[in-house]
Amino acid sequence: MTASQAGQAPSEEPVDSAEADRLRDLLRNPAYRKVLVFSALIGVPISLAAFWFLAGLHELEHVMWADLPQALGWDTPPAWWPLPLLAVAGLVVGLVVTRLPGAGGHVPAYGLHADQPSAAAVPGVIIAAFASLPLGAALGPEAPLIALGGGLALLFRSLVRAPATPQSTALLGAAGAAAAIAAIFGNPLIAAILLIEVAGVGGPQLFVIMLPALLSSGVGAVVFTGFGRWTGLETGSLSLHFPTAPPRLDTGDVVWSIVLAAGIGALVHLVILSGRLVAGFVAASPFVRTVICAVAAGCCAALYTVVTGRTPVDVASSGQATLAALAEDPHAWGVGALLAVVLFKSAAYALCLGSLRGGLVFPVLFLGAAAGVLLAPLPGLGVIPAVAAGMAAASAAALRLPVSSVALVVLVLGNAETIPVVILGAVTAFVVGELLPARLPALRRRAPGDKETGDGAVRGRGAVQG
């Protein structure tokens, strides 16, 4: 041991000891224990509220896009069907943004945020979500769920007249959001990981540490698995083996997944920046321009149907049901249909990101999967690895949350064999997005009162509500 090492050792131990002491003191604090108990109790009503919220969205969407067209004599909605529905969505959301507290939630073009929760914003969030999502917005329900869960947690605190402190507000808001978001992803672990990254726990240092760790683990999994096959030897590992055989990765899958992820990451980055440009356009006249952008998104769905002959639901929806259909039979989609859905849904997605209310996750997962299926015929690339890498790349590029993107895609796919390409796809797309320009040229001039966020986004007053 050198003199410098000997001098460093004593200084490190007190720091670790001090951190441990702070944690023990916090756990011994009666106020913190009360927050833990209250968080457990509010998980029940918030989960129930999230269930009925999602069930209501699903039923209304089915009515608008299946029951009503069939009642009028159409097996599938006609090409013009999205236009009146999204016009109504624009009108309602425009009214919510201009008249109700919280502006219906934050603008989805600026990503998921763990901003200060607000009970007063909950009615506007619910109305804007029910106007946007079932009527054809190319958005998902996760952002309204985060706002709903956090707002309800604070509402319950007010009802029981618990003390309101900045610390309890932050803790209860995160707990309520986690309880709500777990309902849509079906896994409490995903909700916890997502909120860790959304809340910025660890700041930029989290990404500095996790990106190399993710990348090395993904490459290590490829090498370790491949070497085991080549030698025929086995090593002990903690794993589960299911009766169905997942696809085996080969060199082509790994190499093409990195290339595919770079391209998809750049495309999604451009779409997100376009959504922020739309948000800036809408902010100048929220009511009128929200309607204009919503109808323009409906035009994208209508043009897609005219060009391909397929249902406008492929474009005018969150993409959740369409993603399941694509995964069940990817060969049912021709090259022209896949190219059209990627282009038209990207345009509709950008328009909805800047004007309506919802989340980023579901549509971008579909875009990544569709791009993966489109590029799967590349020599040496399989459909499932292409879809896995595409979904991970699109999610990481849109959310700027690489760890959450990996966990989410692995959960959706349900197999461990594709984890290496999922990790490589997420890390590649995240790095590509960070290296590309943070805003389009038109966004360089900010309106008075706007501010820069940590991810380089430009946000106005309504972007951080709820």
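No experiment lies behind these values; they were computed from the predicted model shown.

Thresholds applied
Residues numbered from 1 in each chain as written. Predicted model: local features only at pLDDT ≥ 70, side-chain atom pairs only at ≥ 80, totals over all residues. Heavy atoms only, no water. Core = buried A, V, L, I, M, F, W, Y, C linked by side-chain atoms within 4.5 Å. Buried < 20%, exposed > 50% of the residue type's maximum accessible area, 1.4 Å probe, protein only. Contact = heavy atoms within 4.5 Å. Helix = DSSP H or I, 4+ residues; strand = E, 2+ residues; numbered from the N terminus. Salt bridge = Lys/Arg side-chain N within 4 Å of Asp/Glu carboxyl O. Phe/Tyr/Trp six-rings, centres within 6.5 Å; stacked < 30°, edge-to-face > 60°. Polar contact = N/O pair within 3.5 Å; in protein donor to acceptor, adjacent residues only side chain to side chain.

Comments concerning the nonpolar core
Reasoning step 1: Formed by 119 residues in total, the largest nonpolar core has its most connected members in Leu145, Phe185 and Tyr349.
Reasoning step 2: With near-sequence residues (within four places) excluded, Tyr349 lies in contact with Ala138, Leu139, Val271, Ile272, Leu360, Pro363, Val364, Leu367 and Ala398.

Quick notes on the environment of Gly275
Reasoning step 1: If you trace the backbone, Gly275 turns up in helix α9 (residues 251-283).
Reasoning step 2: Taking C-alpha positions, Gly275 is 8.4 Å from Ser355, a pair spaced 80 residues apart along the chain.

Observations regarding the pattern of salt bridges
Reasoning step 1: All chains considered together, the criterion is met by two salt bridges.
Reasoning step 2: Between Arg310 and Asp314 there is a salt bridge, with the nearest N and O atoms lying 3.1 Å from each other.
Reasoning step 3: Exposure remark for Arg310: the relative accessible area of 26% places this residue in the partly exposed category.
Reasoning step 4: Judged by its relative accessible area of 5%, Asp314 is buried.

Side note on the packing of aromatic side chains
Reasoning step 1: Scanning the model with the defined rule gives seven aromatic pairs in all.
Reasoning step 2: Consider the rings of Trp74 and Trp81, whose centres lie 6.1 Å apart with planes at 65°: the pair is edge-to-face.
Reasoning step 3: Since its relative accessible area comes to 5%, Trp81 is described here as buried.
Reasoning step 4: Between Trp333 and Phe366 the ring centres are 6.3 Å apart and the planes differ by 55°, which places this aromatic pair in the tilted class. Taken together, the residues span a long stretch of sequence, with Trp333 in the loop between α11 (320-328) and α12 (335-355) and Phe366 in helix α13 (residues 361-375) at a distance of 33 residues.

Re the side chain of Ser318
Reasoning step 1: Residue placement: Ser318 occurs in the loop between α10 (286-308) and α11.
Reasoning step 2: At a separation of 3.3 Å, a polar atom in the side chain of Ser318 contacts the main-chain amide nitrogen of Gln320.
Reasoning step 3: Aside from chain neighbours lying at most four places away, what touches Ser318 is Ala137, Leu139, Gly140, Lys345, Phe362 and Pro363.

Description of unusual backbone geometry
Reasoning step 1: Despite not being glycine, Ala103 has its phi angle at roughly 55°, a positive value.
Reasoning step 2: On the secondary structure map, Ala103 appears in the loop between α3 (82-99) and α4 (122-132).
Reasoning step 3: Taking the relative accessible area as the measure of exposure, Ala103 reaches 10% and is therefore buried.
Reasoning step 4: In this structure, Arg400 takes a positive phi of about 60° despite not being glycine.
Reasoning step 5: Along the chain, Arg400 falls in the loop between α14 (383-399) and α15 (402-413).

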